[in-house]
Amino acid sequence: MPIPPPTPDDDLDVSIILPAYDEEAALGDDLDDVQAAMSATAYRYEIIVVDDGSRDRTAEIARARPWVRLIQHPFNRGNGAARTTGVRAARGRVVIFTDADRTYPNARMPELMALMDAGSDMVIGARRVEAGTLRVLRTPAKWFIRRLAEFMTGSRIPDLNSGLRAQRRDATLRFLPILPTTHSWVSTITIAFLGNGYVVRYLPIDYYPRVGRSTFHPLRDSYNYLSLIVRTVMYFNPLKVFLPLALALLIGGTAKYVLIDILDTFQTYGWSMTLPPMRLTTLALLITGLQTAVVGLLADLIVRRTQL
Ligand SMILES: Nc1nc2c(ncn2[C@@H]2O[C@H](COP(=O)(O)OP(=O)(O)OP(=O)(O)O)[C@@H](O)[C@H]2O)c(=O)[nH]1
Ligand SMILES: [Mg+2]
């Protein structure tokens, strides 16, 4: 049964968003899978394709399906920008994301919704295996960022940047201003939810090799990845990194003064009642430690004051 186009004040249960950039090889099959899975449920839903400035037949394939809402970026703005556009346009109280490259089991979407209805704020399809393009490069990088995010949020994260996920739209809107236009959008929103006390659950899923050309670029995406690390540290809980760092520098400086500066001086010139002057490196360690602590406290203050 074709879905009537949503009216402005239409309150739907869920909006399924597919960001798509040159995905003519896969988009049609993904859309049909999503439609087959969701039309078998009682949910009131819409399917949104955000065409991110594709140069191939991506838009045409979406238009060929009247039950798809097609939103187009005039030029390529990035995977994250496409997701932000989708969330802004969505009318569902929940938004579900999936990629348009046949890599995710879209038939599992009703299970994501069931877990949302059971009181989750976000449900992530946790991939059992990594099958992404150039996975030898990506696996260690992904492992490090996942462990950093686990340390920062104090929670176990089986999969940080899975593209198949469901999340509350109202909570997502809160964080849109800090979300990047790049691939790091999904990792950042996961950390934002975990860092602000939302309930995040995981659903183990399979992950399939991509259909169509990948635009993963090791250098560009490694840079984005580094900025993700900085953002992860600075946005949600800076003290968790700055304080241990400051303490290490202060303890290191103090230890050096006692065990090297003082002992060295006394061994050379004999014991005296006055403490010897600090050496330059000791001073540098202690001052850097103090500065790191102050920067950490300031960053924490800013995070707390601007808590979204
Ligand atoms: N790469 C890329 N994907 C985009 C962009 N805009 C939208 N997308 C879509 O975002 C989704 C995820 O992007 P992918 O390139 O598949 O990212 P990935 O899954 O990490 O990488 P692969 O292993 O190559 O599939 C896909 O549906 C893309 O079509 C963009 O500017 N660049
Ligand atoms: Mg992909």
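Residues numbered from 1 in each chain as written. Chains lettered and ligands numbered in written order. Predicted model: local features only at pLDDT ≥ 70, side-chain atom pairs only at ≥ 80, totals over all residues. Heavy atoms only, no water.

## Topic: the domain arrangement of the protein
Okay, so step 1: Each assigned domain of the protein is listed here: domain 1 (12-236) and domain 2 (239-306).
Okay, so step 2: Put simply, the middle of domain 1 and the middle of domain 2, counted by C-alpha atoms, are 44 Å apart.
Okay, so step 3: Listed as interface residues are seven residues of domain 1 and, on the opposing side, six residues of domain 2.
Okay, so step 4: Buried surface at the junction of domain 1 and domain 2, summed over both partners, amounts to about 550 Å²; 72% is from carbon and sulfur atoms.
Okay, so step 5: The interface formed by domain 1 and domain 2 holds zero salt bridges in total.
Okay, so step 6: Our count for the domain 1 to domain 2 interface comes out at one residue pair in polar contact (both at pLDDT 80 or more).
Okay, so step 7: Where the side of domain 1 that touches domain 2 is concerned, the elements lending two or more residues are α5 (135-153) and α8 (218-236).
Okay, so step 8: With four residues, the single largest contributor to the side of domain 1 that touches domain 2 is α8.
Okay, so step 9: Class assignment for the residues of the side of domain 1 that touches domain 2 results in six nonpolar, one polar and no charged. (Domains from an automatic or database assignment. Contact = heavy atoms within 4.5 Å. Buried area = accessible area lost by both parts, 1.4 Å probe. Salt bridge = Lys/Arg side-chain N within 4 Å of Asp/Glu carboxyl O. Polar contact = N/O pair within 3.5 Å; in protein donor to acceptor, adjacent residues only side chain to side chain. Helix = DSSP H or I, 4+ residues; strand = E, 2+ residues; numbered from the N terminus. Nonpolar A, V, L, I, M, F, W, Y, C, P; charged D, E, K, R; others polar.)

## Describing the site of ligand 1
Okay, so step 1: By nearness alone, 19 residues border ligand 1, and Glu23, Asp52, Arg138, Ser214 and Thr215 come closest of all.
Okay, so step 2: The separation between a nitrogen atom of ligand 1 and a polar side-chain atom of Asp52 is 2.7 Å.
Okay, so step 3: In the model, an oxygen atom of ligand 1 is placed 3.0 Å from a nitrogen or oxygen of the Asn79 side chain.
Okay, so step 4: Summarising the interface, the protein chains cover 93% of the accessible area of ligand 1, which totals 590 Å² for the free molecule.
Okay, so step 5: Split by residue class, the shell around ligand 1 holds five nonpolar, eight polar and six charged. (Near = heavy atom within 4 Å. Areas by Shrake-Rupley, 256 points an atom, 1.4 Å probe, with all protein chains shown as cover.)

## As for helix α10 (residues 280-305)
Okay, so step 1: In a regular helix each residue adds 1.5 Å, so 26 residues correspond to 38 Å; α10 covers 37 Å between its end C-alpha atoms and thus fits that length.
Okay, so step 2: Within α10 the residues assigned to the buried category are Thr282, Leu286, Gly289, Thr292, Ala293, Gly296, Ala299, Asp300 and Val303. (Expected span 1.5 Å × (residues − 1). Buried < 20%, exposed > 50% of the residue type's maximum accessible area, 1.4 Å probe, protein only.)

## A short note on the pattern of salt bridges
Okay, so step 1: This model, assessed by the stated rule, comprises 21 salt bridges.
Okay, so step 2: Note that Arg93 and Asp117 form a salt bridge whose closest N and O atoms lie 3.8 Å from each other. With Arg93 in strand β4 (residues 92-97) and Asp117 in helix α4 (residues 109-117), this pair connects stretches of sequence that are 24 residues apart.
Okay, so step 3: Residue Arg93 is classed as partly exposed on the basis of its relative accessible area of 40%.
Okay, so step 4: Across the pair Asp264 and Arg279 runs a salt bridge whose closest N-O atoms are separated by 3.2 Å. Pair noted here: Asp264 is in helix α9 (residues 239-269) and Arg279 is in the loop between α9 and α10, with a separation of 15 residues, a long-range link.
Okay, so step 5: Residue classification places Asp264 among the partly exposed residues on the basis of a relative accessible area of 33%.
Okay, so step 6: On the basis of relative accessibility, which here comes to 33%, the residue Arg279 falls in the partly exposed class.
Okay, so step 7: Taken together, the shared-partner salt bridges in this structure form one network comprising Asp13, Arg93 and Asp117.

## Quick word on a nonpolar patch on the surface
Okay, so step 1: A contiguous nonpolar patch, built from Val258, Leu259, Ile260, Leu263 and Trp271 and spanning about 530 Å² of accessible area, is present on the exposed surface.
Okay, so step 2: As for its position among the elements, Leu263 is in helix α9. (Patch = residues over 30% accessible without salt bridge, like charges linked within 9 Å, V, L, I, M, F, W, Y side chains within 5 Å.)

## A word on the side chain of Asp101
Okay, so step 1: Mapped onto the elements of the fold, Asp101 is located in the loop between β4 and α4.
Okay, so step 2: Within polar-contact distance, the side chain of Asp101 engages the side chain of Thr103 at 2.6 Å.

## Focus: the sheet that holds β4
Okay, so step 1: Pairing in this open sheet of seven strands is mixed, and the strands run β3-β2-β1-β4-β6-β5-β7 from one edge to the other. Both edges of this open sheet fall to β3 (68-72) and β7 (200-205), since each of them pairs with a single strand only. With strand direction ignored, the average angle separating the axes of adjacent strands in the sheet is 25°.
Okay, so step 2: Judged from the six bridges that link them, strand β5 (residues 122-127) and β7 form a sheet pairing that is parallel. When the bridges of β7 are listed, Met122 appears paired with Val200.
Okay, so step 3: Contacting β1 (12-20), β2 (45-51), β3 and β4, helix α3 (residues 79-89) runs over the sheet at an angle of about 145° to β2.
Okay, so step 4: Across the sheet, α4 touches β1, β4, β5, β6 (165-168) and β7, and the angle it forms with β4 is around 135°. (Pairing = 2+ DSSP bridges. Axes fitted to C-alpha atoms, helices over the stretch in contact; angles between N-to-C directions.)

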